[in-house]
Amino acid sequence: MNLPASFINDIRSLLGDGEFEHFAAALRETPPASIRINRDKPFCDSEQAESREQVPWAAHGYYLDERLTFTFDPLFHAGVYYVQEASSMFVGQALRQYVTKPVVMLDLCAAPGGKSTHARSVLPEGSLLVANEVIRNRSQVLAENLTKWGHPDVVVTNNDPADFSALPHFFDVILADVPCSGEGMFRKDAAAVDEWSSENVEICRQRQQRIVADIWPCLKPGGLLVYSTCTYNTKEDEENVRWIRRELGAESLPLDICPEWGITGNLLPGDEAPVFRFLPHRTKGEGFFLAVLRKPAEEAESDRHFFPQAKAKKKEKKGAATGASLVSKENLTRAARWLQETVSAKYALAVEGAGVYAFPHAYAGELAEMKQVLRVIQAGVDVAEVKGKDIVPAHSLAMSSQLLSRDVFPSEEIGYQQAIAYLRKEAIMLPPSVPRGFVLLTYRHVPLGFVKNIGNRANNLYPQEWRIRSGYMPEEIRTL
């Protein structure tokens, strides 16, 4: 790896000559691979999966001895685990320590979804997570990964950070994992080395400040901002945290950590604000930086903006009328039976076009507000879609262990080859004993998705855009 000379000089001055040599040597090593297990989706060999070395700061994060063949592992597609860099799992430590009651949280720069799925796993039950991505095609990837993770209390948006300024004092917690110069990804991504320059570091620093300034008004007084990057330089890290404290009045908060984790503190001379650095020669992971900041509590809560009630009601009525022409009362009742009875009091079914989705009652008002000013691409869990005279269960229902009533649909356990065929959206042949109609396929007893069994074959209902496109099969398959 040929590191840029100016980068070498900057890091050498930051760490000192001796430690820089250890740092540079670590960059020449193969980076560790790690995953995070979805505890809402236990499977038959979960104990074996959890016998691996644990990521110290993540309760359900594990290092892999060797990289798995993720594309060809059905459990990956079923949302049983997420492939996430170990250092970035430290976000969960911040949330566990400071978020102890239900909140509305925004993950501002969320794609592809590692931190969003992690946040959704550690937030207190009853919280709502809004995951946003400004780039449209990346927002679709974000929605896919959150759907596979399966938690229903999620909204996915596709907006610029400035758009959120229309929602003052809306969020209790904001995670700003801001776009950065990517120095922490050097040993994983050769392109990051080629694209690095001192000028780009300065551009990133200014962009990061604009992003924080844009979203600061929508954080509630006393709310938390979790600021993170995957870079090493102090401009994008400590100096930006100092800027947030000075310009916005934020308070830096400490985190409980263990010395053996090897996490480094503040490297800016004369600055003692608590920040948390992951350096590859000290921690088993990539480069990462995180700080937790609290917004001053003295701002008046009455300053929070609410949209006129009449406007919100008018929008809801229009949506209901549009949906009523496509989803009959009979089909809506049928879709309701597909949900677990225990969640019926918490979630409401809503109609949008030809689709039916479930969303928590408690946050219906917040969703209405967001729809007024944001591009909402997914809310809650899609339950069903009307196609012709039929109503078809949505794939996201199969992925949602909290909402799906497993007893409603006949279930068929399939093997590896059939699972891969299903994920390639090929036709599936089922035994004659399997009833006709909608059937839930499972792999290692985890829901994989729906088919419609018509007797001589089963129509594959896996989402076309998510299918495994590769016709190539690796000689060696390594799965969880």
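Residue numbers run consecutively from 1 along every chain, following the written order of its sequence. Per-residue local features are limited, in this predicted model, to residues with pLDDT of at least 70; the limit for side-chain atom pairs, both in listing and counting, is 80 or more; totals at the level of whole chains, interfaces and linings are taken over all residues. Derived side-chain values reflect all non-hydrogen atoms in the structure, with water molecules and hydrogen atoms excluded from consideration.

1. Here we look at the pattern of salt bridges
- Salt bridge, as applied in this entry: a Lys or Arg side-chain nitrogen positioned within 4 Å of an Asp or Glu carboxyl oxygen. A complete count under the given rule lists 23 salt bridges for this structure.
- Taking the shortest distance from any N to any O, the salt bridge between Asp 271 and Arg 245 comes out at 3.3 Å. Highlighted residues: Asp 271 in the loop between strand 9 (251-253) and strand 10 (276-278) and Arg 245 in helix 10 (residues 238-248), separated in sequence by 26 residues.
- Summary of the burial criterion: residues with accessible area below 20% of their type's maximum are buried, those above 50% are exposed, and those between are partly exposed, where the area comes from a 1.4 Å probe applied to protein chains only. When its relative accessible area of 9% is taken as the criterion, Asp 271 is described as buried.
- On the accessibility criterion, Arg 245 (27% relative accessible area) is partly exposed.
- Put simply, Arg 12, Asp 17 and Glu 21 are held in one network by salt bridges that share partners. Elements are defined by DSSP. Helices are runs of H or I of four residues or more, strands are runs of E of two residues or more, and each kind is numbered from the N terminus.

2. Examining the pairing of strand 7 (residues 171-177)
- The element strand 7 is extensively covered by neighbouring structure, given that six of its seven residues are classed as buried.
- Two strands pair when backbone bridges link them, and strand 4 (residues 104-107) and strand 7 are joined in this way by three bridges, in the parallel orientation. Following the sheet pairing, Leu 106 is matched in strand 7 by Ile 174.
- Direction of pairing for strand 7 relative to strand 8 (residues 219-229): parallel, over a ladder of six bridges. Residue pairing in the sheet places Asp 177 in a bridge with Ser 228 of strand 8. Any two strands with at least two DSSP bridges between them are considered paired.

3. Quick notes on the domain arrangement of the protein chain
- In this document the domain limits rely on a domain assignment from an automatic tool or a database. Each assigned domain of the protein chain is listed with its residue range as follows: domain 1 (5-30 + 84-295) and domain 2 (327-403).
- Between domain 1 and domain 2, the C-alpha centre-to-centre distance is 32 Å.
- Listed as interface residues are 29 residues of domain 1 and, on the opposing side, 24 residues of domain 2.
- Buried area: the sum, over both parts, of the accessible surface (1.4 Å probe) that disappears when the two are put together. If you sort the residues of domain 1 by the area they bury against domain 2, Thr 147, Pro 152 and Phe 170 come out on top, with a joint share of 24%.
- Counting every contact that joins domain 1 to domain 2 gives two salt bridges.
- Between Asp 153 and Lys 346 there is a salt bridge whose closest N-O contact spans 3.5 Å.
- Contacts described as polar in this section are N or O atom pairs within 3.5 Å, which, within protein, must combine one atom able to donate a hydrogen with one able to accept it, while residues neighboring in sequence count only if both atoms come from side chains. Run the count over domain 1 and domain 2 and you get 11 residue pairs in polar contact (both at pLDDT 80 or more).
- When contributions to the side of domain 1 that touches domain 2 are tallied by element, the ones reaching two or more residues are strand 5 (128-132), helix 7 (136-149) and strand 6 (154-157).
- With six residues, the single largest contributor to the side of domain 1 that touches domain 2 is helix 7.
- When residues are grouped by polarity, Ala, Val, Leu, Ile, Met, Phe, Trp, Tyr, Cys and Pro land in nonpolar, Asp, Glu, Lys and Arg in charged, and all others, Gly among them, in polar. Of the residues assigned to the side of domain 1 that touches domain 2, the class counts are 14 nonpolar, 10 polar and five charged. Throughout, a contact is declared for two residues whenever any of their heavy atoms are within 4.5 Å.

4. Side note on the sheet that holds strand 15 (residues 381-387)
- Pairing is antiparallel in the open sheet, where four strands are placed in the order 12-13-15-16. Each end of this open sheet is capped by a strand with a single partner; those strands are strand 12 (347-352) and strand 16 (390-393). Geometrically, the sheet is characterised by an average inter-axis angle of 25° between neighbouring strands, direction not taken into account.
- Bridging between strand 12 and strand 13 (residues 355-360) involves six bridges; their strand directions are antiparallel. Paired with Val 351 across the two strands is Val 356, which belongs to strand 13.
- Axis lines are fitted to C-alpha atoms, over the contacting stretch for helices. Their N-to-C directions set the angle, which ranges from 0 to 180 degrees. Along the sheet, helix 13 (residues 364-373) makes contact with strand 12 and strand 13, crossing strand 13 at roughly 120°.

5. A few points about the sheet that holds strand 19 (residues 446-453)
- Taken in spatial order, the four strands make up an open sheet running 17-18-19-20, and their pairing is mixed. Every other strand in the sheet has two partners, leaving strand 17 (411-413) and strand 20 (458-460) as the edge strands with one partner each. The average angle at which neighbouring strand axes cross in this sheet is 40°, direction not considered.

6. A few points about unusual backbone geometry
- Omega for the bond connecting Ala 111 with Pro 112 falls within 30 degrees of zero, at 5°, which places this linkage in the cis form.
- Looking at the element boundaries, Pro 112 is found in the loop between strand 4 and helix 6 (114-122).
- Residues other than glycine seldom take positive phi values, yet His 169 does so here, at roughly 55°.

7. Examining the pairing of strand 8
- Where burial is concerned, most of strand 8 is hidden: 10 out of the 11 residues are buried.
- Two elements, strand 8 and strand 11 (residues 288-294), share six bridges in a ladder whose sense is antiparallel. If you follow Tyr 227 over to strand 11, its bridge partner there is Ala 291.

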